[in-house]
Structures are given as C-alpha cells and as structure tokens.
Amino acid sequence: MKKAQQGFTLIELMIVVAIIGILAAVALPAYQDYTVRAKMSEAIGFGAAAKSSVSECLISAAGDAADCNTNVKVGLSATATDISSTYVESVTVGNNGVITIAIKDTNVTDLDAGSLTFTPTYNEDAGVQWDCVISSNTLNKYVPQNCRAT
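Residues numbered from 1 in each chain as written. Predicted model: local features only at pLDDT ≥ 70, side-chain atom pairs only at ≥ 80, totals over all residues. Heavy atoms only, no water.

Caption draft 1: Geometry of the side chain of Asn140. With respect to the element layout, Asn140 can be found in the segment after β4 (127–134). Setting aside its immediate chain neighbours within four residues, Asn140 contacts Ile134, Arg148 and Ala149. (Helix = DSSP H or I, 4+ residues; strand = E, 2+ residues; numbered from the N terminus. Contact = heavy atoms within 4.5 Å.)

Right, dumping it as structure tokens:
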C-alpha cells in the first residue's frame, strides 16, 4: 500500500525558518535607513521654505547677499529655534544667504549632531541656484544625491 505525504518534514520547516531569518537580518537595517531618510525629507522641506524667502530677498536686492544675511532680513523668525519641528532643531540664515538646518531626534547620533546647508548662487539670467550639502560625508546615505558631501 502506498502512503501519501501528509505535510512538511522538520528539515523543510527549519530551512524555511532559516531563510526568513536571513531575509529579516538583511531587511531590517535597510528599513531603518529608509525611515531616517524619511525624517530627513522633513528637514529638506523646511529648507525649501527658507530658500523661497532667501531667493526673494536676493532677487529684490539684485544679488547683494549682504542684505540677506539674517533670518529677519529675509522675513523669517528672528529666533532660529522658533522654526523647528520633530526633526528640525533650527533654521538659520547666515552670511551670503546660506541656510543652515540643525537636525535632531533622528536616532542616529552623528546625524543629530549634524546639519544641512543650502548655499545660494545668484545669476541675473538664471535667478538663484542652490547647492545642498550635509555636514559630513558619513551621513550621505540619509540625504538625496544632490545633498551629499564629497
């Protein structure tokens, strides 16, 4: 009499559990990086709002960045920490209209101590162009390609 197989053997089940464990070990760190990148998109969004203010100031001042070197001169809050959120500690406009965004609470120690910088370049024909750079090249994996330090 022939007996039909009734289920999986213990070896087959252990192989499946091992494969799932390996996949989880690889996927979890990648997922954590993606969540930190999502947090950084908030910081970039705050930078975009400040970029609009600085751009308007630079264009109306015909590129004279000396007139656009503080939060107040570009129409932002005088206290940099007033411009904050869950992951943004402060937004500061400095010399030559450079915007510095201090980062916080991302659960990455180096990133929490870091900052994101937007540097404007005024051209009468092209308007204001922006360069975005993270404070350290070890943090490049958390920001978009155009914001990576070299």
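Now that the structure is up, let's keep going.
Caption draft 2: Inspection of helix α1 (residues 10–60) at higher detail. Compared with the 75 Å implied by 1.5 Å per residue over 51 residues, the 75 Å span of α1 between its first and last C-alpha is a close match. Among all positions of α1, only Val36, Lys39, Met40, Ala43, Gly47, Ala50, Ser53, Val54, Ser55, Cys57 and Leu58 are buried. Looking at the buried side of α1, the elements it contacts are β1 (88–93), β2 (99–103), α2 (109–112), β3 (115–123) and β4. Remark: Ala62 follows α1 within two positions and exhibits a positive phi of approximately 55°. (Expected span 1.5 Å × (residues − 1). Buried < 20%, exposed > 50% of the residue type's maximum accessible area, 1.4 Å probe, protein only.)

Caption draft 3: Layout of the nonpolar core. Within the largest apolar cluster, 30 residues are counted, with the highest numbers of intra-cluster contacts made by Met40, Ile99, Ile101, Leu111, Leu116 and Ile134. Taken together, the elements giving at least two residues each to this core come down to α1, β1, β2, β3 and β4. With residues near it in sequence (within four places) discarded, Ile134 still touches Met40, Ile103, Leu111, Ser115, Leu116, Leu139, Asn140, Val143, Cys147, Arg148 and Ala149. (Core = buried A, V, L, I, M, F, W, Y, C linked by side-chain atoms within 4.5 Å.)

Caption draft 4: The sheet that holds β3, seen in detail. Spatially, four strands are ordered β1-β2-β3-β4 in an open sheet, and the strand pairing comes out antiparallel. At either end of the open sheet lies a strand with only one pairing partner, and these are β1 and β4. With strand direction ignored, the average angle separating the axes of adjacent strands in the sheet is 15°. With eight bridges joining them, β3 and β4 adopt antiparallel strand pairing. Opposite Thr121, over in β4, you have Gln129 as the bridge partner. Strands β1, β2, β3 and β4 of the sheet are contacted by α1, whose axis makes an angle of about 30° with β3. (Pairing = 2+ DSSP bridges. Axes fitted to C-alpha atoms, helices over the stretch in contact; angles between N-to-C directions.)

Caption draft 5: Up close: the confidence of the model for the chain. For the chain, mean pLDDT is 90; residues scoring 70 or higher make up 98% of the total. Taken element by element, the predicted model of the chain shows its lowest mean pLDDT in α1 (91) and its highest in β2 (95). (pLDDT = per-residue confidence, 0-100.)

Caption draft 6: Just the pattern of salt bridges, in detail. Evaluation of the coordinates by the stated rule reveals one salt bridge. Here Lys141 and Asp33 are joined by a salt bridge, their closest N and O atoms 3.7 Å apart. Highlighted residues: Lys141 in the segment after β4 and Asp33 in helix α1, separated in sequence by 108 residues. (Salt bridge = Lys/Arg side-chain N within 4 Å of Asp/Glu carboxyl O.)

Caption draft 7: Summary view of the environment of Gly63. Within the fold, Gly63 resides in the loop between α1 and β1. Between the alpha carbons of Gly63 and Thr81 there is a distance of 27 Å; along the sequence they are 18 residues apart. Non-local contacts of Gly63, meaning those with residues more than four positions away in its chain, are made with Leu58 and Tyr122.

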